[in-house]
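Fold and contact review
Residue-level listing of the chains:
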Amino acid sequence: MRPTVTVLLVTHDGGVYLDRTLEALAAQTRTPDRLVVVDIGSRQRVTELPAVGFPVQHLAGPPSSTFGEAITLAVRSLAPASSDDQWLWLLSADNAPEAGALAAMLAAVEISPSVAVAGPKLMQWADPQYLYSYGETLTPLGTSVELAEPLLDQAQYDRESDVTAVSSAGMLVRHRLWEQLGGFDRGLPAMDDALDFCIRARLAGHRVSLVPDARVLSAGRRAPGTAVIGPRTSRAKRERLTRTAQLHRRLVYAPALALPLHWLSLLPLAVLRALGQLLRKQPGSVVGEFAAAFAVAFGHPGRVVASRRRLAQTRKLSWSALAQLRLPWAEIRRRRSLAREETSSARRAGRHEIRFVASGGAAVVLVAGVVGLLVHLPLFGAPAVAAPALLPLNDIGTLWSQVGFGWRALGAGFAGAADPFVWVLALLGSLTFWSPSASIVVLYLLALPLAALAGWFAAARLTASPWLRVVAAVGWTLAPSFLFALDQGRLGAIVAHLLLPWLFFALTTARRSWEASAAAGLLGAAVLASAPSLWPALLALWLIVTISLAAAGRRGRGWHRLVPLPLPAAVLFLPLALQHLVQGTPLGVLADPGILLSQAGTAGEGLAAPPLGQTLAFLAGLPEATAAAWSASAVGSGLSPAAGLALAIVLAAPLLVLALAAPFLRGAPKAVAALVVAALGFATAVLAARLPVASVGADAVGPWPGPGLSLLWLGLLAAVVFGLSAGELALARVLRGALGAVVAVGVVAAAAPLLVSAALGGSHAVPGAERTVPALVAAQAASDPTLGTLVLSGEHGNGLTAGIERGTGAKLDDQSTLFNAAPADVALGDSLAVLAGNLASRGGYNPVPALEAQRIGFVLLTPATRESRAVHDRVTAALDGNPLFAPVTRTAHGTLWRYTGLDAGLPTAAPAGPDNLGTPFGLGVLGVQLLVLILTLLLALPTAGLAESVRPEREARRGSGVRGTRAVAPAGSLAASSRPSTGAHAAVATPGGARHGE
C-alpha cells in the first residue's frame, strides 16, 4: 500500500522563511498527500498560500501556542489513523527541505518497518554545507546532548542509524504512534519535547532512525519559532527552559519509590548548581536555576502525574534498552576538551603574548627586589614597622572581629560600621596569622618587586615590545607617590598603588569573561577600600566605559559584564556611608583609613598650599604641597622648595611631554583614553588637597593626594606606551627605544635621592614594636587589657589633640573614619574633651570621676615638635603640678605620668559593646558583605575547565573566523539566493540545541 504523508507546518510570523519552505515542499520529488498549515502568528497572519500541487488546509491557533500544541491542533483536524502507512511530517516555518528529502525518508522507513520515527539532517540555513543537528541522545546522568557537532558536513555522521531521538524539526512519525503516545508532553513546551517523544516511542517498542540522504534547512536561533521561544529569547531564558525540561523529565522518568527524593532534592540542587554556575562564570543562569526548580516543584504538579501515567500506559521495554544509545563519558570528556581549547583560543585572540621571562619581566622584578631589599634592609626581622601614619595590627582573632559592624573602642566608644580597609588588613594579617603585624614588614620588603610585577603585566596588555614593558614597570615602581607612601607608612596608598595595575589588567578582559569581571570587582573593592578618595574617578570611568560600550552596539558586546563591577565595593561602603550621613559628615566616607597626619607632608598642609606650586608638584607626581621634602631627600643640603620643585618638574618632563604627544601618533583613541584616566587622577589629587573631610586639632585634613597621583601616573605611563608602540610605522625602532630610555632615566633620577636617603637611614619607616605605649603601660595592661592611657599631642597654633589607647596601645585596625571625621566633642565625648582640656592647664577641676569612669591609669604626652613646643611645655607644667599624677619616665613614645589612684584600684571595667556578631544588625551587615564577596570570589576563581557544557552552540565559526563572511551555498540549494544574512558565530559551550523555533 502506498504510504500517505501529511505535512504539518507550524508558522509564527514566518516571513521569508515560510515562502522558501512552501517552495521547497512544492519541489519535492515525492509529493506530500496533504499540507496543514497551522498559523500561530501574533503580528502578521498568513492570508493566502501559493499553489503547491496538493491539498492545503489552513488553521489558525492561539498566538501563545507552543509547537507541540500547534501540531496537536493540526492532528485533531485529521481523521484518525487507520493503518501504519499513514505518516506525519513535522515542519516549522524555517524548515525548507531539499527536493529528495521526503522520498529518502519514506524509502528508509519502507525497508525498516520497525522504524516509527525518522529524522533528516538539519543543515544551517545561513550555510547549507554545515550541520545544525543530526540526532539527540542523553548523557549517563540524563542531560540531553546533540550527537553531531556543528561542523562542515563531510558524511562523517552518515553511519549513524539508530539513535535515542531526532529533532522535532523535520521529524517523520507514524500517525498511529502519535495518537498512541499522545503527542508531545505539555510539560515540555520548548525544550526536549522531541527527545521525550522519541524516548517514549523507543520504550513502546519502536525504533528511531536517522536518514543521512534527507536534508532539511534550519535557521536555528534566528528562526521565528513560537511565542515561547524565538529569535529574541534571551540566553538566560533558554537556559531556564532547558533546565526546567531536564527537571521535568527527571521526575517523569524516576522510579516511583525515588520520586519523593527527587522532588525534595529540587531546591537543594538548585542552590548547589547556582554555586556551580558561578564557578562556570555564568551568573546569568543563577536565577534560572531557582526559577526552574520552583516551576517544576510547585508550578504544575499535575503535568508530572499525567506524564508519568502516559509513560506507564505505553511503555513495553525497560530503560536498559536505551543504555547503549547514551553518550559515553569518554566522548563527553573529548567534547569538553575541544570546547575548552576553543574558548581559550578565543580569549587569547587579540592579546599580546606574556613571555614573562623572555621579555624581561623576570629581570626587572629581580632588580626591583634587590633594590627594595637594600632600601628596607633595616626592617628585616622586625616584628612591625613604625612610621608616622602606621600602627601595628591586633592579633588575628581581634583583627577579624573588627570587620562589619560592631563596637569601636575609640574615645568614649561607639557602635559603628568598620572602614572597608579593615577587610584588607584582615586578609593581609592572615598571611602571617601568628604575628599579623609581620605581614606589613613582608609587604615593605616586597613592595618594590610587587610594584614592578604589577606594572610589567599591565604593560603587557598594551604592547608586545619588551623594552616598553620594562619602561612602564620601572616608571610604576618608582612613582613618587608610591615612594612617599612607603616613607610615611600610608598603608592604604601603598596597597592601592600595588593593585591599580592589576585592576587595569582584569578590566582589559572583563567584557569577555565573567571571571575577569568578578576579579576586577574584587580588585576595585580593595583599591577603593584602601584609597576611598578614588571613588569619584573610578566611578566616572566605570560610567563612561559602560555607557559607551552599551551605545556601541555589536562593537560593545559584553558590556553587561561591566555593570556589576561596583557591587562589592558598594556593599562594603554602604553601612559606613549611611552612618556618616546620619552623623552629619557625608564626605567623611572619602577620608583615608587609619590615623591622620596634619604636619608637613600631609593633606593638612595641602589645604593651604599655593595653587600654582601645588599644581606643578602634582604634575611631577609629588603628593606633597611643595617639593621641600623631596629636595631635602634629594640633595640633603637645604635647597629651597622652589629649586626642588623645578628639578622634579625637569625630571618628569619627558614623561609628561610624551604622554601629551601620544594622541598625535597612530593609536590616538587608546592614548586619549589613557589621558582621560590621567586627567581624572590629577583632578582627584587636586580635589583631595582642597576637600576637608576630617580634622586633627585645629587643622582641617583632607584625603592624601597620593592615590590620585598614582592614577595620574598610570594614565601617563599608559599613554606613553600606547604612543611609542602604536607609532611603530611612524617612528624608527631606535628612536622609540631612545625616547623610552629618556623617560626611564628621568624617573630613576627623580627617585634615586629618595631611595638612597632611605637606604642610608633617612626613611621615616623604621623597625617598630607591636605596642605603641611605653613598656610600663604594656606591662600593666598585661593583667588588665581594659586599662586606658590618655594620649595628648600638642599641635601648632596652640591646639591639643587627645585620645585613649587601651591595652598595648592603638592598632591600625581599630581606627575609624567615623571617629576621625566627627568633631572633637562628639568623637571624644563631653567628659573626655573636658578632661583633656583641664589637664592641659592649671585650675580647680577634679578629674577623678572622669579618670575612673574611663579607667584611665596613665597620661602620655607625645614628643614636641618645633610648632607645638609652647603647648607641650604648658601641658608638662600642668601635669607636673597636679598631685594626682606622678611622673614616670620619658621614652621615645613621649613623657609618661601615672595616676596615683591606680594604687587603690579602678572601678570594675564596664562590659564592652557588642562585636560584629553580637547584634542582629551587625550579623546582617557581616552576612551580606560575606555573601557578596564569596559569590564574587567564586565567580572570579580560574576554573575554565568547569565552564563548558556538554551541548555546544549549534552554529559554528567558519573558515578563519573572519566575521561577516559566509560560504557560497551549493548549486540548487533553496537558501542559496535569498536566505537571511547572518554573521559567523563562535562555537561556545552553552545550553541549547537543535530545537524547533530556536
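Residues numbered from 1 in each chain as written. Predicted model: local features only at pLDDT ≥ 70, side-chain atom pairs only at ≥ 80, totals over all residues. Heavy atoms only, no water.

Below, the discussion takes up the overall build of the protein chain. Of the regular secondary structure elements, the protein chain holds 35 helices and 21 strands. For the protein chain, the residues scored as buried account for 55% of the 998 residues in total. Sequence separation of 24 or more characterises 76% of the internal contacts of the protein chain that already satisfy a separation of 6 or more. (Helix = DSSP H or I, 4+ residues; strand = E, 2+ residues; numbered from the N terminus. Buried < 20%, exposed > 50% of the residue type's maximum accessible area, 1.4 Å probe, protein only. Contact = heavy atoms within 4.5 Å.)

A water-sized probe rolled over the atoms picks out the places where empty space is left. Counted by the stated rule, this structure contains eleven cavities of 30 Å³ or more. Quantified by volume, the largest cavity comes out at close to 160 Å³. Together, 16 residues line the largest cavity, and R490, L491, G492, D592 and P593 are the ones closest to its centre. Per element, the largest residue contribution to the lining of the largest cavity is three residues, and it comes from helix α18 (residues 491-507). Here the lining of the largest cavity is composed, by residue class, of ten nonpolar, four polar and two charged. If you add up the space inside the second largest cavity, you get close to 110 Å³. Together, G455, A458, A459, L462, A472, W476, P501, F504, L714, L717, A718 and V721 line the second largest cavity. At the level of elements, α15 (436-460), α16 (466-477), α18 and α27 (706-726) are the ones that each hand at least two residues to the lining of the second largest cavity. In terms of residues, the lining of the second largest cavity owes the most to one element, α27, which gives four residues. (1 Å grid on protein atoms, 1.4 Å probe; cavity = no way out; pocket = protein on both sides within 12 Å on 5 of 7 lines; lining within 4 Å. Points joined across faces, edges and corners; volume = space filled by probe spheres on them. Nonpolar A, V, L, I, M, F, W, Y, C, P; charged D, E, K, R; others polar.)

It is worth spelling out the side chain of R490 at this point. Here R490 shows up in the loop between α17 (480-488) and α18. Despite its burial, R490 remains without a salt bridge, the nearest opposite charge being carried by D592 at 4.6 Å. A distance of 2.7 Å separates polar atoms of two side chains, one belonging to R490 and the other to Q488. (Lys, Arg positive; Asp, Glu negative; His and termini not counted. Salt bridge = Lys/Arg side-chain N within 4 Å of Asp/Glu carboxyl O. Polar contact = N/O pair within 3.5 Å; in protein donor to acceptor, adjacent residues only side chain to side chain.)

In this model helix α20 (residues 535-551) runs 24 Å from its N-terminal to its C-terminal C-alpha over 17 residues, within 8% of the 24 Å that 1.5 Å per residue would give. Positive phi appears at G553, one or two residues downstream of α20, with a value of about 70°. (Expected span 1.5 Å × (residues − 1).)

Another aspect to go through is the nonpolar core. Counting 132 residues, the largest nonpolar core has Y444, F482 and L491 as the members making the most contacts within it. Not counting the four nearest positions on each side in its chain, F482 is found in contact with A447, L448, A451, W476, T477, I494, H497 and L498. Membership of the second largest hydrophobic core comes to 65 residues, among which are Y157, V163, F184 and Y253. (Core = buried A, V, L, I, M, F, W, Y, C linked by side-chain atoms within 4.5 Å.)

What follows deals with the pattern of salt bridges. In total, this model carries 20 salt bridges according to the counting rule given. In this structure, R2 and D33 form a salt bridge, with 2.9 Å as the shortest nitrogen-oxygen distance. Note that R2 is positioned in the segment before β1 (4-11) and D33 in the loop between α1 (16-26) and β2 (34-39), a separation of 31 residues in sequence. In this structure, D873 and R869 form a salt bridge, with 3.8 Å as the shortest nitrogen-oxygen distance. You can see D873 and its partner R869 sitting in helix α34 (residues 869-880), four residues apart, about one turn around the helix. Residue class for R869 comes out partly exposed when judged on its relative accessible area of 43%. Overlapping salt bridges bring together E98, K121, D153, D158 and R215 as one network.

With mixed pairing, five strands are arranged side by side in an open sheet as β18-β17-β19-β21-β20. Two strands close off the open sheet at either side, each with one partner strand: β18 (799-806) and β20 (885-891). Between one strand and the next, the sheet's axes are offset by a mean angle of 25°, whatever the strand orientation. Helix-sheet contacts for helix α29 (residues 775-783) involve β17 (788-795), β19 (856-861), β20 and β21 (894-899), and the interaxial angle to β19 is about 160°. Each of β17, β18, β19, β20 and β21 touches α34; the most contacted strand, β19, lies at about 145° to it. (Pairing = 2+ DSSP bridges. Axes fitted to C-alpha atoms, helices over the stretch in contact; angles between N-to-C directions.)

Right, let's talk about the packing of α15 against α18 for a bit. Contact geometry of α15 with α18 gives a least axis separation of 9 Å together with a crossing angle of 25°. As the angle between them shows, α15 and α18 are arranged roughly parallel. As for the relative orientation of α15 and α18, their crossing is left-handed in sense. Contact residues: I440, L443, Y444, A447, L450, A451, L453, A454, G455, F457 and A458 in α15; L491, I494, V495, L498, P501, W502, F504 and F505 in α18. Residue composition of the contact of α15 with α18, by class: 18 nonpolar, one polar and no charged. (Parallel < 35°, antiparallel > 145°, perpendicular 65-115°, else oblique. Left-handed = near helix turned anticlockwise from the far one by under 90°.)

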